[in-house]
Structure formats: C-alpha cells, structure tokens
Amino acid sequence: LVNELAGKEAPDVTAEETGQKYKNLLVSCEGGLRTITLNRPPKKNAITEEMYLEWIAALEEATADPGTVIVAITGAGDYYCSGNDLSNFMNIPEGGIQQKAVDSGVLLYKFVAAFIDFPKPLIAVVNGPAVGVSVTVMGLFDAVYSTDRATFNTPFSALGQSPEGCSSYTFPRIMGPGKASELLLFNKKVTAAQACELGLVTEVLPDASFQGEIWPRLQALAKLPVNSLVYSKALTRDLEKETLHKVNKMECDRLVERWASDDCFKAIMAFFNRKK
Amino acid sequence: LVNELAGKEAPDVTAEETGQKYKNLLVSCEGGLRTITLNRPPKKNAITEEMYLEWIAALEEATADPGTVIVAITGAGDYYCSGNDLSNFMNIPEGGIQQKAVDSGVLLYKFVAAFIDFPKPLIAVVNGPAVGVSVTVMGLFDAVYSTDRATFNTPFSALGQSPEGCSSYTFPRIMGPGKASELLLFNKKVTAAQACELGLVTEVLPDASFQGEIWPRLQALAKLPVNSLVYSKALTRDLEKETLHKVNKMECDRLVERWASDDCFKAIMAFFNRKK
Amino acid sequence: LVNELAGKEAPDVTAEETGQKYKNLLVSCEGGLRTITLNRPPKKNAITEEMYLEWIAALEEATADPGTVIVAITGAGDYYCSGNDLSNFMNIPEGGIQQKAVDSGVLLYKFVAAFIDFPKPLIAVVNGPAVGVSVTVMGLFDAVYSTDRATFNTPFSALGQSPEGCSSYTFPRIMGPGKASELLLFNKKVTAAQACELGLVTEVLPDASFQGEIWPRLQALAKLPVNSLVYSKALTRDLEKETLHKVNKMECDRLVERWASDDCFKAIMAFFNRKK
C-alpha cells in the first residue's frame, strides 16, 4: 500500500509502445482465452480511477466478443494488485471531501456491478500479493488459481473503512462467518494456502511452475462449448444476482459515509505518520 | 459411461428370482433402516427411464412406511451409479428430438423433486464411482458416506450440457463458487477424499472396512426417535424448499434446450467417435 | 450433562463477594474489551432460567455501553457451558407441562434473538467442552476461538428434541448439509480441531497457551474503530436478520411441541435410568 500513497502516475510506456487501447491494462485473446493483465507494476497494480474505468470497459469488451470463451485476470510484475490506489482520495473536487466520497462510491458500484453481471467464466490468476478490492471481488469469480507466494489482505477496519466487492455477502457464505470476520472485520492477512482452505482460492500452485502450468490449463478450458459454460454459470448466478446488486449498493453507501468520516481520516493520517 | 451407451437392457435375473416389485432396484427394510440398492451392475447402475420411475416410487414407499426411520441409497457391484443412461436419448418418440428433450426434462424434474421433498434422513452409501445426476443430487442428501475407492464426476460442459439435481444451487453453497465451478463448469473429477474436503462427502472410510463399518452405524441411527429426525430435517430444509423447486425447474428448462442443441449433439458424436 | 440434572442451585458465593449485579455471570470491561464469564462452575455453567435472563441483560448492557468495542463470552472453570440446565424442566407451573414448554419457548426465543440482534463483534472464547444451545448460537458469533481441549456436542434427537439457536439455518450454511446433519440430527460430538475444519470454530489454540494468547489478541482488536466494526458487522448480518428471526421462531415452536412430546419424556427418562 505504501507506494500507492505517493500516487504520482508513472509514464505508461508499455501501452504507448504496443498501441494498446488501455493505458493501465494489457489485453490479449487467443484460442478463446482472453487475458486482462493489470499493468502498473511500479505501483503494484494499484487501481486508479482511470484504471477502474478501463477494467470495466475490458470486461464489457470480453462479453461482447464472440471469440472469447473464458476470461483470466492477472497482474504484471510481482504483485497481483495492491487494491484501491489511495491517491484517488487526494484529487478532491470542488464539492469537497463529501463530493469525492459520493463520486468514489458511484465508481466502485459500477466496478463491482461489472463482476456481478459478467456472463462468461471469470478466472483470477493470482501471480502475487492481492489487497483490498482485488481480493473482495474474488468472491464473484468462478475460479481463483494462485501462486503459493501470494497473500490476501483486506484491511478495512484498520483504515476506518468497511467491506466492498460483495464480500460482506460472499465471504461468510464461502468460509462461514467465524472465519470471514477475521478477514472482513479484523484485518487478518492470509497466505494462499490458508485462502485455499477457506475456499476463496480454488487451487494453489508452486510459484516456480505457476505460469507454466496455469495457462495451458486455461487454454484447454477455453475449448469447451461456450454456451454450456455461459448457461451453467447463469444457473449458479442468476438466482442471487438481484441480492448481489443490493449488497453492492449497501456496501457502497456505507463506504461513502466511511470515506468522509473521522475514523477514516484518522486512520489514513496514522498510516502516513507510520510511514514517516 | 462407455458401457451405458450400448444401452441394451441386461435380463434382470435377481429381481425375478426374489419377487421384488422393482426391476432395477433392490429394496429392504430392517429395524427402521430402509436400503435402496441400485441394481444394474452390468451397466454400472446407469439410470434408465424405467429406473428413474422406480427410484421415485421407492422414495414414496419409504415416506409412506411408518416403520422406516432412515433411508440409505447404495449401488450393487463396483459402481455406485454411472449417471443417466445415455441410451435414454436413443429411444426417440414421434415428436422427434425436441419432444424427447421435453419428456426427459419432465422426468428429471420429478426425479429431483422427489429428493427435495423427501422428509426422512436420506443417506448415500457410496460404494464406488459416482457420475452425473447421482452426484448432483447428493447436495440434497443429509449425509454421504463413501469408500475411498469412489470418485465423483459431473462432466456437463464436456457433453454440451449443464448442471442438474439442484447442484447449481447446492454445490456453490457447500464448497464455495471457486471450487464448485471446477466440478460444474470444468468437468473436474474428484476423489472421495477431495469430495470430503469440499463438504460434499460427510466421511470417507477405507474400502476394506467400508461395508462392515457403515451398516451397523446406520442401524444405530435408525433407533433414534423418528419424529425428532423428521422435524429436525424439516427445520433445515423447509425454508429453502421453494427455492430448490425453482432451481430444479430452471435447471431442467436449460437442459431441455441443451439436449436439443448442436453443442450436445456434437459432444455426444465426439464421444462415440473417441469410442471407435 | 449429568450434574445439571440434580439441579440444586449451589450458593453463588463469588457474586455476593464481588458485588456484581449478576448472580450467574462475571462481567468486566477494560480497554474496549467486555468479557462475560458464565459463572456456575460446579454445574459446568449449565444455563438456568435466571441465567438466560442475565445473559440477555448482559448483552443489552454491552450494546448500550459506548466504551465497549468487542464482547467476549467465556466460561469459568473447566467447562465453557453444558447447555440448558435440565432442572429447568422440573419446575412445572400450574399450567402443567404444556405451559412449561410454552414458557421455555418464549425464553429461548428471547435469548437467541439477543444474539441475532447483537450489533458489536461477539467472540466466543471456548475454554472447555460446550454442549447444546451454547454450541448452536456459535453460528451467530463473529469468531470462535477454542482450546484444543474443548468438544462440541448438540445431542438433540438423542433427547427427543430438535435444533435451536438458528443452527438449523447456520450450520448447513457453515459446513454443508452433509456435515451439519451429523451434528444436528445424529448427535455427533466433535473435537475443537474437527469443529475448526467444519468452519464452526475460527481457530484452535493449545490449552497450555490458550488464556495467555487469546486475551492480548482480543485486547488489540478492541483498539479498532468501533464504527467500522459495527457497520461492517451490520453489512454481513442485516440482509439475513429477518430470516434468522423467522428461523428462531420456527425452531422454538418445534421445541415447544417436542418438550411436551412422548419422545422427549421417554428420552429424559432413559437418561435418568442410565444414570442409576
């Protein structure tokens, strides 16, 4: 999290060089497997406001493309994703902090909704540590494959905040309330092996063989009949889609209140002071 | 699955010899424990249309019998059950494939509903490999005891199909969506030990002692007060019974579409071609 | 359970000596951490009618106190809690057994509702064996830390009874129906390690270091911003609060029937006869 607080945008050379349409993502599609790579390695792939919008657009593009059967999300560099870029909070609009909180809530709501509504199999390829909203939305993925080097951390209350990504709904259902509370309320960081035992991670692979093993496996899955996959996913998802959107709204409303609260302000200040 | 495709009904000598009322099942009841044995060992207990109807009737008989406290389902021979007998698809009625799909959907709906509504403790005694619908309905059982020799396989998308038996609802709730997808979407076959870790199987016993250990245990359970068992099961089931029937309907509707689809046709043809 | 049947109230010296407001509980609060200790060690902390009322009052007190951030429940002596004190059934009012059952149902409903509605993080510190309702309400706690010496037992059907504490709803969701049935229907007693694997217990600690490790950890949690904790818990709880109250009502209604039934009478008599 530390690096993201400085929040100066590093020049995104890669995107310009390759002529990609996204500044913060690399997107490729081969043989039915579409890969969306979070591509701000100097910032541990922390998500800026621009990057949230690009990620949403990349998911919409994946939905619309008839050649895409399966979608994988992964990170460039050592991190999977360090979560919300805290520099997002520094760009205060005319309406002040309250307006900033409202705007951030709207953006987060759209971002999480894109995962709730995504119709094709969505797989996280967790190449390194994952933090915050990049962890919470995993409860909306269809599978999460992780290197044993990854960790998973959702430090909400430590920052005066509260859960998002529908994790207040999905985590207790995946791991039971007695285990979910440690992550959602008590800021516990877990290893990939622990996250797998909790059911959040589907399978953990050794870091040395992770990249070599996982991609051929996903390429094979991308050969399955897309309609059977999409319809099967719909059966598992449709019944609770309305509830998930409702949860997303409740969580974002609460965060709008939290972001403008003294708790959050004090926690962020304490964070900066520890940094010094 | 291979053997079932030939689909020629072996003469059911056992049933005729014993005067049993079912052609494809053996049913006995002793000391409150009723045992329903799937009895087509030459076909790995694959379920024909006739056998679906008999299984439904046997559950109704178990409900009605005041002497039945607990019901166990098991398989004769090496297999527990190899799932839907694919020969069911070969007996095409006058209305063609579309009519066949609709009829099969009606039968499947009734079959699964019989598990949703079954009021007494229902226990699977998994004596060997289990495939397809025999696995998916396990999410509706009260306990699943398995030999370590068993495997569990639900290859829906590989056959251009989609989940049934309310598994699109029960599996994500039992094991979390990240693990359920591997079974429901990606055709993963799991061992008994893995199925136990996932929560689908209650306990795994060594094959050598399986039969010797499990039956005395169930006979002991059958001595418990039947009303406490039935009322306790009702408390765990009644609240979601309506949802389960709705899920069953959604799954069957989707399968009616799938069975008449090109995906399914191509997958079955590919299966036959691999066989040659 | 055996000791509680005699049901003679031991003089509660401790309470009188310390001037505490509760006869059956010890309550303290330090640095945001409020500890409620079940304090009838000679009776293994079995819950009398008076103690149910005190426990409800102590939770209300914790809710109202602005200095309380986190609440821990633990037991004095070797046991965490041996469940409902069966001597409660012996004090038969003028209305007879039926009236007794109704009154007990009302009390149980209020007791469980206090857990459903409790707004702050609630943690069980399980210092020893736990039985019956003290186990079932754990599904409503936010975390359960247990010594490896503890066991968890909910022998409902063995006593002609049925589940309470919303366990008919929470247990199948925490551990899957195939594992929950063994506890709720088949009277299985599990170790702390097993309960942890099932997801009912958050973490197991060695008995030798349990007290020394757990309290500093909870004291640290009590330094977190209370609003973030309360709002985060609300997000995980509010959506199903109505359902939980409905389940509580269904369970209590069923127990009122069970308590006045022959099954229950016979089971209690058999229990007494085994004791002789």
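Not measured: the values here are computed from a predicted model.

Peer 1: Honestly, the overall build of chain A in this entry has me stumped. Any pointers?
Peer 2: Of the regular secondary structure elements, chain A holds 11 helices and 9 strands. A globule of 276 residues ought to have a C-alpha radius of gyration of about 19 Å, and chain A, at 18 Å, matches this closely. C-alpha extents for chain A along the principal axes are approximately 50 × 45 × 35 Å. Buried positions account for 60% of the 276 residues belonging to chain A. In the structure as shown, chain A presents an accessible area of about 10,400 Å², 55% of it carried by carbon and sulfur atoms. Computing the positive centroid from 28 side-chain charges and the negative centroid from 33, chain A places the two 4 Å apart.

Peer 1: Whenever I open this one, the interface of chain B and chain A confuses me. Can you help?
Peer 2: It is common to report an interface's size as the accessible area lost on association of the parts. On the side of chain A, 28 residues touch chain B, which itself brings 29 residues to the contact. Buried surface at the junction of chain B and chain A, summed over both partners, amounts to about 2,200 Å²; 64% is from carbon and sulfur atoms. Broken down residue by residue, the surface that chain B buries against chain A is led by K179, L185 and F186 of chain B, which jointly contribute 26%. Taken together, the connections running from chain B to chain A amount to 1 salt bridge.

Peer 1: So what exactly am I meant to see when it comes to the relation of the copies chain A and chain C here?
Peer 2: There are two copies of the chain, and a rotation about an axis plus a shift along that axis relates them. Least-squares fitting of chain A to chain C yields an RMSD of 0.0 Å, with the transformation described by 0.0 Å of translation along the axis and a rotation of 120°. Considering both components of the superposition, the chain copies are consistent with a three-fold axis. Minimal C-alpha distance to the rotation axis in chain A is attained by R173 of chain A, lying at 4.0 Å. Interface overlap between copies is the fraction of interface residues in one copy that are interface residues in the other; for chain A against chain C it is only 3%, indicating separate surfaces.

Peer 1: Can you help me understand the interface of chain A and chain C in this one?
Peer 2: Each partner contributes to the interface: chain A provides 29 residues, whereas chain C provides 28 residues. Summing both sides of the interface, chain A and chain C together bury roughly 2,200 Å²; the carbon and sulfur share of this comes to 64%. By the criterion of area lost to chain C, the three top residues of chain A are K179, L185 and F186 of chain A, representing 27% of everything that side buries. Viewed at the interface, chain C and chain A are joined by 1 salt bridge. In this structure, the salt-bridge partner of R173 of chain A is E240 of chain C, at a minimum N-O distance of 3.3 Å. Applying the counting criterion to the chain A and chain C interface returns 8 residue pairs in polar contact (both at pLDDT 80 or more). Among the elements of the structure, α6 (167-175), α7 (177-184) and α10 (226-259) of chain A are those that each provide at least two residues to the side of chain A that touches chain C.

Peer 1: What am I meant to see in the packing of aromatic side chains here?
Peer 2: Geometry of an aromatic ring pair is reported as the spacing of the ring centres plus the angle between the planes. All chains considered together, the criterion is met by 15 aromatic pairs over all chains. Here the aromatic rings of W55 of chain A and F115 of chain A are separated by 5.6 Å at their centres, their planes lie at 75°, and the arrangement is edge-to-face. Pair noted here: W55 of chain A is in helix α3 (residues 49-64) and F115 of chain A is in helix α4 (residues 96-117), with a separation of 60 residues, a long-range link. By relative accessible area, which is 1% here, W55 of chain A ends up buried. Ring geometry for W55 of chain C and F111 of chain C: centres 5.0 Å apart, planes at 70°, overall edge-to-face. Note that W55 of chain C is positioned in helix α3 (residues 49-64) and F111 of chain C in helix α4 (residues 96-116), a separation of 56 residues in sequence. Like F111 of chain C, W55 of chain C is buried. Pairwise contacts between aromatic rings join Y52, W55, F111, F115 and F141 of chain A into one cluster.

Peer 1: Quick question: what am I supposed to make of the state of the cysteines here?
Peer 2: Residues and elements named next belong to chain A. Scanning all chains against the criterion turns up 0 disulfides over all chains. For the unlinked cysteine C81, the closest cysteine sulfur is that of C252, found at 16 Å. On the basis of relative accessibility, which here comes to 0%, the residue C81 falls in the buried class. No disulfide involves C264; its nearest neighbouring cysteine sulfur is the one of C252, lying 14 Å away. Note on C264: relative accessible area 4%, which makes it buried.

Peer 1: What should I look at first to understand the sheet that holds strand β8 (residues 189-191) of chain A in this one?
Peer 2: Neighbouring strands of a sheet are bound in pairs by backbone hydrogen bonds; such pairs are parallel or else antiparallel. Spatial ordering of the open sheet is given by β5-β7-β8 (chain A), a layout of 3 strands whose pairing is mixed. The open sheet has two free edges, formed respectively by β5 (130-131) and β8 of chain A, since each of these has just one partner strand.

Peer 1: What is the right way to look at the pairing of strand β6 (residues 143-147) of chain B in this model?
Peer 2: Side chains on a regular strand alternate between the two faces of the sheet. All names here are of chain B. Of all 5 residues in β6, 5 are buried; the element is thus mostly enclosed. Residues A143, Y145 and T147 line one face of β6 and the alternating positions V144 and S146 line the opposite face, and both faces are buried. In this sheet, β6 lies alongside strand β4 (residues 122-126) in parallel orientation, the contact comprising 4 bridges. Bridging from a neighbouring strand, V126 pairs with S146 of β6.

Peer 1: Would you take a moment to explain the sheet that holds strand β3 (residues 70-75) of chain B for this structure?
Peer 2: All names here are of chain B. With mixed pairing, the 6 strands of this open sheet are ordered in space as β1-β2-β3-β4-β6-β9. Every other strand in the sheet has two partners, leaving β1 (25-30) and β9 (203-205) as the edge strands with one partner each. Pairs of neighbouring strands in the sheet enclose a mean axial angle of 20°, with direction left out of account. Sitting on the sheet, helix α3 (residues 49-64) touches β1, β2 (33-38), β3 and β4, and the angle it makes with β2 is about 180°.

Peer 1: Would you explain the side chain of R258 of chain B in this entry?
Peer 2: All names here are of chain B. Relative to the helices and strands, R258 is located in helix α10 (residues 226-259). Classification of R258 by relative accessible area gives buried; the value is 1%. For R258, the side chain forms a polar contact with the side chain of E257, separated by 3.0 Å.

Peer 1: Honestly, unusual backbone geometry in this entry has me stumped. Any pointers?
Peer 2: Negative phi is the rule for most residues except glycine; trans is the rule for most peptide bonds. Even without a glycine there, the phi angle at N45 of chain B is positive, about 60°. Of note, N45 of chain B is situated in the loop between β2 and α3. Classification of N45 of chain B by relative accessible area gives buried; the value is 0%. One non-glycine residue with positive phi stands out, namely C166 of chain C, at about 70°. Relative to the helices and strands, C166 of chain C is located in the loop between β7 (151-153) and α6 (167-175).

Peer 1: I keep staring at the packing of α6 of chain C against helix α7 (residues 177-184) of chain C and nothing clicks. Help me out?
Peer 2: Between two packed helices, what matters for the description is the angle formed by their axes and the separation of those axes. Residues and elements named next belong to chain C. Running from N to C, α6 and α7 cross one another at 135°; their axes reach a closest spacing of 7 Å. The orientation of α6 relative to α7 falls into the category oblique. Considering the relative orientation of α6 and α7, their crossing is right-handed. Taken together, the residues of α7 that come into contact with α6 (itself represented by S167, S168, F171, P172 and M175) are P177, K179, A180, L183 and L184. Among the residues forming the contact of α6 with α7, the class breakdown is 7 nonpolar, 2 polar and 1 charged.

What counts as what
- Residues numbered from 1 in each chain as written.
- Chains lettered and ligands numbered in written order.
- Predicted model: local features only at pLDDT ≥ 70, side-chain atom pairs only at ≥ 80, totals over all residues.
- Heavy atoms only, no water.
- Helix = DSSP H or I, 4+ residues; strand = E, 2+ residues; numbered from the N terminus.
- Rg over C-alpha atoms; globule rule 2.2 N^0.38 Å.
- Buried < 20%, exposed > 50% of the residue type's maximum accessible area, 1.4 Å probe, protein only.
- Areas by Shrake-Rupley, 256 points an atom, 1.4 Å probe, with all protein chains shown as cover.
- Lys, Arg positive; Asp, Glu negative; His and termini not counted.
- Charge placed at Lys NZ, Arg CZ, Asp CG, Glu CD.
- Contact = heavy atoms within 4.5 Å.
- Buried area = accessible area lost by both parts, 1.4 Å probe.
- Salt bridge = Lys/Arg side-chain N within 4 Å of Asp/Glu carboxyl O.
- Least-squares fit on C-alpha atoms with pLDDT ≥ 70 in both.
- Polar contact = N/O pair within 3.5 Å; in protein donor to acceptor, adjacent residues only side chain to side chain.
- Phe/Tyr/Trp six-rings, centres within 6.5 Å; stacked < 30°, edge-to-face > 60°.
- Disulfide = S-S within 2.5 Å.
- Pairing = 2+ DSSP bridges.
- Axes fitted to C-alpha atoms, helices over the stretch in contact; angles between N-to-C directions.
- Parallel < 35°, antiparallel > 145°, perpendicular 65-115°, else oblique.
- Left-handed = near helix turned anticlockwise from the far one by under 90°.
- Nonpolar A, V, L, I, M, F, W, Y, C, P; charged D, E, K, R; others polar.

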